[in-house]
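Observations on chain architecture
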Amino acid sequence: VGTPSKRKSPQDFLDSFDVSSVSTSAGCYLMRDEKDRVIYIGKAKNLRNRVRTYINAQDSRYSVKFLMRRVAHIDFFLTTNDKEAVLLENSLIKQFKPRYNVQLKDDKTYVSLRVNMKEDFPQLTVVRKHRNDGASYFGPYASAHGVRDTLRQIHRMFPLRTCSDHVMNNRTRPCIYYQMKQCAAPCVGRVTPEAYGEIVGQVVMVLSGRSKELEKLLNERIREKAAVLKFEEAAELRDRLRSLQQMLERQRTVEVPGVEDRDVVGYHMQGRYVEIQVIFYRGGKMLGGRSFSFKQREMPIEEILGSFLLQFYSEAPVIPAEILVPEPIEEADTLEEILSEKRGACKVAILRPQRGEKRALVDLAARNAKNSFREKQLAEKAQVDLLENVKEKLKLRAVPNRIECFDISTHQGEKTVGSMVVFEGGVANKDRYRRFSIKQVEGQDDFASMREVLMRRYKRAIEESDLPDLVLIDGGKGQLNVALAALGDLGIEDLEAVSIAKSRLEERGGRSPERFFLPGRSNPVILAQNAPVVHLMARIRDEAHRFAISYHRSRRVKGTIRSTLTDISGIGPKLAKKLLNRLGSIAKIRELSASEIADVPGINNRLARAIEQHLASAPGAKASGGRR
């Protein structure tokens with residue numbers, strides 16, 4: 001690591017920086033501003049040559065000139081080759097989150113199908129994360145609805161189990177899916193692991209796009225079964241073949257000739273906004289696509305695309321054999337090598353087609369990117385208009401672009417917690433959500449708990465200059481007064497605060513309206529209940545309530561584990577967690593005999609008897625109706 005120069009201002013830095021002091025090795029460079037914040041991270045095969053283009057104004061692009069007006073010093077990280085530089089750049093971008101780099105956020109709706117062929121009786125499951133566990137992953141699918149529709153079609157054709165390992169291992173007779181011929185009933189030994197594995201293999205062929213190969217295989221199996229007079233098994237295979245052919249007939253309308261496993265990338269730029277679209281083709285069929293928005297980008301599109309691809313495929317469950325891109329990618333050969341190692345099966349090719357069918361696919365992705373950009377612009381304008389309406393209706397001084405909402409959750413004064421959710425531009429920003437364990441309040445006191453949460457949150461916010469535009473409190477006038485007093489004690493009484501009282505059932509029938517309490521007003525503000533402002537604020541309040549409840553429940557469950565299971569000699573938190581994961585709840589464990597409990601790995605007969613005796617004498621044993 002080297003730091004050739006550090007100066008107080010960008011101009012001082014440019015005037016005194018000695019380019020000859022920079023290494024000619026491969027590596028990464030971190031550009032920092034006057035406040036020592038990392039604002040851009042780049043990579044290069046030759047650091048001196050790359051930095052020279054910045055310092056000597058050899059690069060005439062406006063984005064480079066714009067960046068250099070903000071750079072006060074540069075740090076360098078040397079690597080042994082350009083491949084290490086590419087990987088280090090990706091790691092540093094995730095660590096520092098520079099303002100002018102592309103930062104790909106986690107995509108919570110990115111779904112795939114997973115099957116682990118190492119299991120005796122594998123099941124097909126929907127997953128959002130790809131792990132290096134030896135399982136096979138298929139996708140990605142454009143939406144959870146799309147992948148679940150595919151899953152339903154698979155289960156209609158192939159008798160795979162749908163139950164969890166715990167349910168399968170504890171069944172004594174087949175479930176209704178066996179009667180419907182949609183499960184082979186491995187739970188009670190109606191199918192051997194070998195025969196079940198053949199069914200799973202056929203499912204993998206469908207998901208891999210080898211449907212025509214599967215058609216031939218099923219025809220051969222039908223003839224083999226008929227030849228040895230196994231007509232019932234032949235009929236089952238015939239029905240499966242017909243279902244497969246019907247599905248393929250519907251899919252042929254979206255087939256693209258000559259395309260197997262391929263991702264196609266397109267983009268649309270407008271000012272400093274970039275929209276990138278990725279369209280997925282698997283087995284010759286379009287599975288859909290995803291779009292990604294990047295604002296205030298200053299670097300050229302070639303660098304943006306290269307950084308995007310590395311971040312995107314570092315999290316993607318499946319890497320295709322071919323990736324089509326609209327522009328030349330910086331260090332494409334190095335990126336191909338990295339992705340090929342990650343894919344494992346064969347080499348990954350990154351191609352920039354100039355003409356023909358492949359170019360038409362890239363143009364299609366670009367048109368989709370432009371359409372997505374327009375739709376998001378319209379949605380953003382609608383959100384801006386809505387927040388302007390919030391300002392007007394709630395008599396605020398400024399548009400509340402960032403709203404922080406708080407709620408308290410407790411049960412008879414035990415394990416009281418607080419929650420904070422954050423909405424920016426009318427959209428939830430879950431990275432900024434916070435949970436609070438109440439430490440200073442004894443018993444049930446929602447007002448004191450709310451004060452503690454607000455004091456802790458905004459003491460830190462003042463130190464970090466990180467105040468929101470509006471504080472929203474779940475509750476009525478009393479909760480609002482507590483919030484105003486806490487903000488006043490912190491010296492930020494000008495921070496705007498509002499509370500929202502939830503609609504409730506009334507004794508005379510009907511429901512009370514959602515009511516807003518504002519500072520300085522004795523009566524609540526009641527808006528039209530179907531108004532967008534009410535819907536938005538109620539949605540934020542409900543999200544804070546959900547977040548608080550989920551945290552409170554998790555603390556209660558952990559408390560239950562500690563107080564009920566870890567009180568038993570020989571059981572610690574890890575073994576208690578294993579018991580619950582394997583057997584279910586405390587109530588279900590209470591219903592089991594000592595011999596059944598002893599089937600759990602790590603539990604011997606002596607410990608099983610101790611568990612049985614302890615739960616039999618614990619509170620709630622009679623209510624559970626467990627057998628003894």
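Above this text you will find the structure in question.
A brief report on the enclosed structure follows. (Residues numbered from 1 in each chain as written. Predicted model: local features only at pLDDT ≥ 70, side-chain atom pairs only at ≥ 80, totals over all residues. Heavy atoms only, no water.)

1. Remarks on the overall build of the protein
Cut-off, in case you're wondering: The helix count covers DSSP runs of H or I at least four residues long, the strand count covers runs of E at least two residues long, and both are numbered beginning at the N terminus. Exposure categories follow from relative accessible area, calculated using a 1.4 Å probe and restricted to protein chains: below 20% of the type maximum is buried, above 50% is exposed, and the middle band is partly exposed. By definition in these notes, contact holds between two residues if any of their heavy atoms fall within 4.5 Å. Here the accessible surface of atoms and residues is derived via Shrake-Rupley with a 1.4 Å probe, and residues count as covered only by protein chains that are part of the display.
A count of helical and extended segments in the protein gives 21 helices and 19 strands. Looking at the protein residue by residue over its 628 residues, the buried ones come to 46%. For the protein, restricting intrachain contacts to residue pairs at least 6 apart in sequence, the fraction spanning at least 24 positions comes to 61%. Surface exposure of the protein reaches about 32,800 Å², of which carbon and sulfur atoms provide 48%.

2. Points about the pairing of strand S9 (residues 273–282)
What counts is decided by this rule: A strand pair is defined by DSSP finding two or more bridges across the two strands.
Among the ten residues that make up S9, nine are buried, leaving the element largely enclosed by the rest of the structure. Summarising the sheet, strand S8 (residues 262–270) and S9 pair through nine bridges and their orientation is antiparallel. Pairing of glycine 266 across the sheet is with glutamine 277, part of S9. Across nine bridges, S9 lies against strand S10 (residues 285–294) in antiparallel orientation. Residue pairing across strands places phenylalanine 280 opposite glycine 288, the latter belonging to S10.

3. Description of the packing of helix H4 (residues 82–96) against helix H12 (residues 332–343)
The criterion, for reference: Between N-to-C directions, angles cover 0 to 180 degrees, with each direction set by a line fitted to C-alpha atoms, over the stretch in contact for helices. Should an angle fall under 35 degrees it is taken as roughly parallel, and over 145 as roughly antiparallel, whereas 65 to 115 is taken as roughly perpendicular and any remaining angle as oblique. Following the grouping adopted for this structure description, the nonpolar residues are Ala, Val, Leu, Ile, Met, Phe, Trp, Tyr, Cys and Pro, the charged ones are Asp, Glu, Lys and Arg, and the polar ones are all others, Gly among them.
Two elements in contact, H4 and H12, have axes whose closest approach is 9 Å; the angle formed by their N-to-C orientations is 75°. With respect to their mutual orientation, H4 and H12 come out roughly perpendicular. Contacts between H4 and H12 involve Asp82, Lys83, Val86 and Leu87 from the first element and Thr334, Glu337, Ile338 and Glu341 from the second. Split into classes, the residues belonging to the contact of H4 with H12 amount to three nonpolar, one polar and four charged.

4. Side note on unusual backbone geometry
Notably, lysine 395 is not glycine yet its phi reads approximately 60°, a positive angle. Within the secondary structure layout, lysine 395 lies in the loop between helix H13 (356–393) and strand S13 (402–411). Among the residues examined, lysine 395 registers a relative accessible area of 60% and is labelled exposed. Not every positive phi belongs to a glycine, and serine 465 is a case in point at roughly 50°. Locating serine 465 in the fold gives a position in the loop between helix H14 (446–463) and strand S17 (470–474).

5. Focus on a nonpolar patch on the surface
Worth spelling out the cut-off: Two distance rules govern patches: like charges are joined within 9 Å, and nonpolar side chains (Val, Leu, Ile, Met, Phe, Trp, Tyr) within 5 Å, applied only to residues with over 30% relative accessible area and no salt bridge. In the sections that follow, a salt bridge refers to a side-chain nitrogen of Lys or Arg positioned within 4 Å of a carboxyl oxygen of Asp or Glu.
Residues Ile176, Tyr177 and Met180 make up a contiguous nonpolar surface patch of roughly 300 Å² in combined accessible area. Within the secondary structure, isoleucine 176 sits in helix H7 (residues 176–179). For isoleucine 176, a relative accessible area of 56% gives the class exposed.

6. Quick word on the packing of aromatic side chains
Stated formally: The aromatic pairing rule takes the rings of Phe, Tyr and Trp, using the six-membered ring of Trp, and pairs them if the centres are within 6.5 Å, calling planes under 30 degrees apart stacked, those over 60 edge-to-face and the rest tilted.
Following the criterion strictly, the structure yields twelve aromatic pairs and no others. With a centroid separation of 5.1 Å and 65° between ring planes, the pair formed by tyrosine 433 and phenylalanine 547 is classed as edge-to-face. With tyrosine 433 in the loop between strand S15 (427–428) and strand S16 (434–437) and phenylalanine 547 in helix H16 (residues 532–565), this pair connects stretches of sequence that are 114 residues apart. There is no split in this pair, since tyrosine 433 and phenylalanine 547 are both buried. Three or more aromatic residues link up through ring pairs in this structure, and these residues are Phe292, Phe294, Phe308, Phe312 and Tyr313.

7. Topic: the packing of helix H11 (residues 301–315) against H12
Interhelical geometry of H11 versus H12 gives an angle of 5° and a closest axis separation of 11 Å. Viewed along their axes, H11 and H12 adopt a mutual orientation that is roughly parallel. Residues Gly306, Leu309, Leu310, Tyr313 and Ser314 of H11 pack against Leu335, Ile338, Leu339 and Lys342 of H12. Of the residues contributing to the contact of H11 with H12, the split by class is six nonpolar, two polar and one charged.

8. A few points about the pattern of salt bridges
Here the structure, examined in full by the defined rule, presents 30 salt bridges. As a salt-bridge pair, glutamate 327 and arginine 352 come within 3.8 Å of each other at their nearest N and O atoms. Placement of glutamate 327 in the loop between strand S11 (322–324) and H12 and of arginine 352 in the loop between strand S12 (349–351) and H13 is noted, with a sequence separation of 25 residues between them. On the basis of relative accessible area, arginine 352 is assigned to the partly exposed category, the value being 38%. Residues glutamate 424 and arginine 432 are paired through a salt bridge, measuring 3.6 Å at the closest nitrogen-oxygen approach. Beyond isolated ion pairs, a larger network of salt bridges with shared partners links Arg402, Glu404, Glu424, Arg432, Arg457 and Asp466.

9. Description of the sheet that holds strand S6 (residues 125–127)
Judged by pairing direction, the sheet is antiparallel, and its three strands sit side by side in the order S6-S5-S7 without closing on themselves. Two strands bound the open sheet, and with one partner strand each, they are S6 and strand S7 (136–141). Mean inter-strand twist for the sheet, computed between neighbouring axes without regard to direction, equals 30°. For strand S5 (residues 111–115) and S7, the ladder comprises four bridges, and the chain directions are antiparallel. Looking at S7, one finds that valine 115 is bridged to serine 136.

10. Comments concerning the nonpolar core
Operational definition: By nonpolar core we mean a set of buried residues, namely Ala, Val, Leu, Ile, Met, Phe, Trp, Tyr and Cys, connected to one another through side-chain atoms within 4.5 Å.
Residues Leu113, Leu124, Ile154, Phe158, Leu160 and Leu207 are the most contacted members of the largest nonpolar core, which totals 32 residues. Of all the secondary-structure elements, those providing two or more residues to this core are S5, S7, helix H5 (144–157), helix H8 (193–207), helix H9 (211–227) and helix H10 (231–251). Looking at this core element by element, the count peaks at eight residues for H8. Sequence-distant contacts of leucine 113, defined by excluding residues within four places in its chain, comprise Leu124, Thr125, Val126, Ser136, Tyr137, Phe138, Tyr141, Val147, Thr150, Leu151 and Leu207. Grouped together as the second largest cluster of nonpolar side chains are 28 residues, Phe292, Phe308, Leu309 and Ile319 included.

11. Re helix H15 (residues 477–489)
Where we set the bar: Here, expected helix span is obtained from the residue count minus one, scaled by 1.5 Å. Directions from the helix axis toward the C-beta atoms define the arc.
The terminal C-alpha atoms of H15, which comprises 13 residues, lie 18 Å apart, in line with the 18 Å expected from a rise of 1.5 Å per residue. What H15 keeps buried is the set Leu480, Val482, Ala483, Ala486 and Leu487. What you see down the axis of H15 is that its buried residues fit within an arc of 160°, all on one side. Next to the buried residues of H15 lie H14, S17, strand S18 (497–501) and strand S19 (515–517). Remark: glycine 491 follows H15 within two positions and exhibits a positive phi of approximately 80°.

12. Points about the state of the cysteines
Our working rule: The term disulfide is used for any two cysteine sulfur atoms that are within 2.5 Å.
Within this structure, the stated rule accounts for zero disulfides. This cysteine, cysteine 163, is not joined by any disulfide, and cysteine 187 carries the nearest cysteine sulfur, 6.0 Å off.

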